Amino acid sequence: LRFQWLQIMPEIDCEDGAIVRVKFDELYLPFGLGEERAAVCVRIGHNQQMTKAVHHRPLHKNPQHAHQELVFEIEQVVNLMLPPGSKPEGKVLELSVVNPKGKTLGTYSLNLSDVDEAPCKTKAWPRQARMRFMLAQGPSQKGLLASAGISAEVVVSWLGLELVTNQEAMGDFVLHRMESPLSVTSAALSRRWGHGCYDARLRQPPADSLDWVNKMFEKMWPKVMNLIRATIENPDGRVNQKLQAKMPYRILKRIRFSRFILGWRSPKFELIKIGDAPARLGQEGMQGVELHLRFKLGTRSSKAAKRSDIELSTGIFDTKLGFKSFEISGDLVVRLEPLLEEMPVVGGVVVCCLNRPRVDVQFSGLAAQFVERGMEGSLRGLIDWGISSCLVMPNVMGFPIGEEEQGVHGALLRHPHLAGVLRVTVLRAKVWHRDGGVFGGFLRRLCCSSRMFGCSSRVQLRVTVGDEPHFFEDVLVAHTRHAWRSSAITPAGSLQGDEEDTDEDDEESQWAGEDVEEEASTWDFLVYDERQHLEIELVDRCGLESVVAQASPMVCDNSIVDFASKPIELRSVQTNNRRQREGRVSLRCQRLDAKHGSRGHDEWSMVRVRVDELFVPADLLLPEEGFEETHMVLGLGAWLIAKIGTAERVTPMAKYYVSSGEESSGAQPPLTKSVSELLSAPSVQLELEMEWLMYVPVKRSCLEKEVLNLELHSKTQGHIGSASVPLAEALKRPNLKLAYGGQTKMLQIPGPRDLNSEVNVAFSIMGLEPARV
């Protein structure tokens, strides 16, 4: 045998051969053809290959017309080899869409000379200008489907092949070996074949090592960094929305991240443990795998840099605050779930943090340092909360891999399973706090006494689980000249250990209070994993919230009930004085398990609302005062608010990005249209993928008479419709579950101008039962 190495030469004609590369993405067939599976046959002369036959995507809505399109995800690359001396002139690439029985549905012929003359010898038919096939049906069928036809997203490339010597090929292998830290050179092969021989065997890292993950993530990091940057810099993103919601000063309500680059160094992961993922209801036998990783990520701006990698826009005369350094660290959970008994085996990937990661920032510039010190470091806390609260449960990143008919639901992947409720009651609090010096006390009193800052003088107890903080406003600490005193004590008796307070503590603190109703000091927190932490903090709410003292986090498992009536120390958060006690608090914690299909025996129940697809008329999404460039960049959007009585939950905004309409082939993408098309057909239904879960509390005694209200809001027009469903309807159904969509009609949401929206939604009753300890 004789072996020769042929190197692929893009954009160059070679005498040693060529490759015609055909990349398929999505294939679109009219519903009227009645085909469930389809494939594409590629042929040049007698050389032909065929893609795999795939099934169309699941239908979220029954087609009303024969020309409505079904989407087939081909997603395959076909390479056709051509012999030496082949030229594109006179050669034709024939594409045929066939069904599993071999029947031809449509054809397309392409002269390869057109590909050779195209830029980079590549001709593409993207989503906005798809390749149109000629129908192979009869005349009557052609007339019926002429408005839709068969189309596909295709890229065709001409690649040359050039013969290289064995010495040149071996040199490339040696270079690859030197660049790859995982490859090794076999001494035995080197002695036999000479130095520079490439051995494909790999070093086996230790069983608990994540070197291979870190190496793989280094290659992925530039793409991941751009994704993170686009997400955080988005003015409508959750991080910027949280920053603006927490900002008390009206003049700074437009604060947001205008620049966010985390640097080119990828994060490093350390493996903590591997275990089973929590079981999900309805997915018995499909329990996944869970990896716990420790990560650290950050960036630091050099002194020579003219601009910081991370900038915070204040919204005042284009003023920006630069960051000297930014670092985020914590524990990451990666779940591979559910596990299937068919391809692709792993149904999806879920990434989240069980508890809030730590965010450390240092500002740069004189102005930024003045702002930071003037606000007593509370701007750091605002940024810490804005970023870390978006990464902690229930905020997860879910990526479905399998199909819905396999039991993989995007809404379940993007929202964790509710484990239960943690009921926290503040029994008693004792707090003392110093002024922090002459300047610090004067600045606080100046800010708190001025109405222009829009703040009040108060320090409150804050308890947080996940991204849900709650201020116990009845445990209020009012400012005095020398101390802070608690103004509320529940009738739970004295704290243990009060008699051990020193005389110095008695001189620096004052203890006063009055009885408070127990119900006013109780709050229910949603718990999605018993490994989540309960955080207890003393927060100064004058202006920007500033943490004064905090307790050690407690795990929300069965051991948390042992803290009942025991004093919990609140220590100072100052780095140089963390041993200093700032107060004590006594809590009573009760765990309640959530039971599906049951009313429960507790006073409260939960209504679980699962939202999938949302269909909104274009006229309700478009702005009333004219379409602007910002709408093209940031997209249109809508969200839902679920209300039961005074309790409400909100979904994230589902976006719809309008097509630029620059392509003129006449082929229209399935989910995006241009502005002119939307204006010409204002009643056309636009699909928005929401896929979200909400849990709304309701009193068990009010289940028969309460009503679930769904309010639909548009980004450009505000409130655009509402619908109501009595909870009594769900109580009549099996498992206390009522669904709209799928096999039944979707829920109609009447809107203005006689335009109705539709939503695929299901809600069920979940009872609460005391957990077994």
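It should be noted that the structure appears before, not after, this text.
Residues numbered from 1 in each chain as written. Predicted model: local features only at pLDDT ≥ 70, side-chain atom pairs only at ≥ 80, totals over all residues. Heavy atoms only, no water.

Colleague: Explain the overall build of the protein chain to me, using residue names and the numbers behind them.
Modeller: Along the backbone of the protein chain there are 15 helices and 41 strands. A burial count over the protein chain gives 47% of its 773 residues as buried. Taking the contacts inside the protein chain whose residues are at least 6 apart along the sequence as the reference set, 71% of them involve residues at least 24 apart. Total accessible area computed for the protein chain in this model is approximately 39800 Å², and 52% of it derives from carbon and sulfur atoms. (Helix = DSSP H or I, 4+ residues; strand = E, 2+ residues; numbered from the N terminus. Buried < 20%, exposed > 50% of the residue type's maximum accessible area, 1.4 Å probe, protein only. Contact = heavy atoms within 4.5 Å. Areas by Shrake-Rupley, 256 points an atom, 1.4 Å probe, with all protein chains shown as cover.)

Colleague: Would you mind going over the side chain of Arg608 in detail, with residue names and values included?
Modeller: With respect to the helices and strands, the residue Arg608 is situated in strand β32 (residues 604–617). This buried residue, Arg608, is left without a salt bridge; Asp612 holds the nearest opposite charge, at 8.9 Å. Residues within four places of Arg608 in sequence aside, it is in contact with Leu412, His596, Leu693, Met694, Tyr695, Ala762, Phe763, Ser764 and Met766. (Lys, Arg positive; Asp, Glu negative; His and termini not counted. Salt bridge = Lys/Arg side-chain N within 4 Å of Asp/Glu carboxyl O.)

Colleague: So, a negative patch on the surface: which residues are in play, and what are the values?
Modeller: A contiguous patch of negative charge, built from Glu341, Glu342, Glu403, Glu404, Glu405 and Glu689, is present on the exposed surface. Along the polypeptide, Glu403 turns up in the loop between β21 (397–400) and α9 (410–413). Relative accessible area serves as the criterion here: at 30%, Glu403 is assigned to the partly exposed category. (Patch = residues over 30% accessible without salt bridge, like charges linked within 9 Å, V, L, I, M, F, W, Y side chains within 5 Å. Charge placed at Lys NZ, Arg CZ, Asp CG, Glu CD.)

Colleague: Break down a nonpolar patch on the surface for me, with residues and values.
Modeller: Where nonpolar side chains cluster on the molecular surface, the patch consists of Trp212, Met216 and Met220 and spans about 320 Å² of accessible area. Residue position: Trp212 is located in helix α5 (residues 211–233).

Colleague: Go over unusual backbone geometry with me, naming the residues and quoting the values.
Modeller: Omega for the bond connecting Glu337 with Pro338 falls within 30 degrees of zero, at -15 degrees, which places this linkage in the cis form. Structurally, Pro338 can be placed in the loop between β18 (320–336) and β19 (348–352). The peptide bond linking Met393 to Pro394 adopts the cis configuration, its omega dihedral lying at 10 degrees. Tracing the chain through its elements places Pro394 in the loop between α8 (378–388) and β21. A positive phi angle, close to 70 degrees, is found at Glu11, a residue other than glycine. Examined against the element boundaries, Glu11 turns out to sit in the loop between β1 (5–10) and β2 (18–30). Residues other than glycine seldom take positive phi values, yet Arg753 does so here, at roughly 55 degrees. Along the chain, Arg753 falls in the loop between β40 (747–750) and β41 (756–770). The partly exposed category is assigned to Arg753, whose relative accessible area is 45%.

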